[in-house]
Amino acid sequence: AVLDTVGRFVDSRLFNYVHVSAAFSKLAKVRDTIDQRDRESASLAKLVDQLRTLLRRRALDAQGVANVFWAIATLQRELPDLLPLIPDLVAMIEHAAAGLVPQ
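Below, the structure is looked at part by part. These figures come from a predicted structure and were not determined experimentally.

**Some points on unusual backbone geometry**
Right, on to step 1. Non-glycine residue R58 carries a positive phi angle of around 55 degrees.
Right, on to step 2. Relative to the helices and strands, R58 resides in the loop between α4 (42-56) and α5 (62-74).

Right under this line is the structure:
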């Protein structure tokens, strides 16, 4: 269901870093429902491409970096192909650290 929704909007100019972060977080929360169809879906591929673009442009804010990092760690069994994104997220931490607020 998450990837179906993502698929309808991921190509929109309005789909931004907030949506990418939220989509990954939602996927992590429903990880028990992820199946082979989801792993092979064009929507997931496009979502990952959007994330790569955001990482390359350094266009994720601190909250987005934290959310996506958590989501990928949570999804490592269901979507192991996301793990290669971790080094790029780690590189973003330093860039985004100024925007992190201690809790």
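**As for α4**
Right, on to step 1. The end-to-end C-alpha distance of α4 is 21 Å, a good match for the 21 Å that 15 residues give at a rise of 1.5 Å each.
Right, on to step 2. Among the structural elements, α1 (2-9), α2 (17-29), α3 (36-39), α5 and α6 (86-96) are those in contact with the buried residues of α4.
Right, on to step 3. Looking one or two places after α4, you find R58, whose phi comes out positive at around 55 degrees.

**Overview of the side chain of S21**
Right, on to step 1. Positionally, S21 belongs in helix α2.
Right, on to step 2. Taking the relative accessible area as the measure of exposure, S21 reaches 4% and is therefore buried.
Right, on to step 3. There is a polar contact of 3.1 Å between the side chain of S21 and the side chain of N67.
Right, on to step 4. Not counting residues within four places of it along the chain, the set of residues in contact with S21 comprises Q63, G64, N67 and V68.

Rules behind the numbers
- All residue numbers refer to position in the chain's written sequence, counted from 1.
- In view of the model being predicted, local features appear only for residues whose pLDDT reaches at least 70, and side-chain atom pairs are presented and counted only at 80 or more, with totals across whole chains, interfaces and linings using the full set of residues.
- Water and hydrogen atoms play no part in the side-chain values, which are based on all heavy atoms of the structure.
- Numbering of helices and strands runs from the N terminus, with a helix taken as a DSSP run of H or I at least four residues long and a strand as a DSSP run of E at least two residues long.
- Any helix carries an expected span of 1.5 Å times its number of residues minus one.
- Whether two residues are in contact is decided by their heavy atoms: any pair within 4.5 Å suffices.
- Exposure is judged per residue with a 1.4 Å probe applied to protein chains only, and the accessible area is read against the type maximum: over 50% gives exposed, under 20% gives buried, and values in between give partly exposed.
- For the purposes of these results, a polar contact is taken to be a pair of N or O atoms within 3.5 Å, where, inside protein, one atom must be able to donate a hydrogen and its partner to accept one; residues adjacent in sequence count only when each atom of the pair is a side-chain atom.

Function cannot be read off these values alone, since they describe shape.
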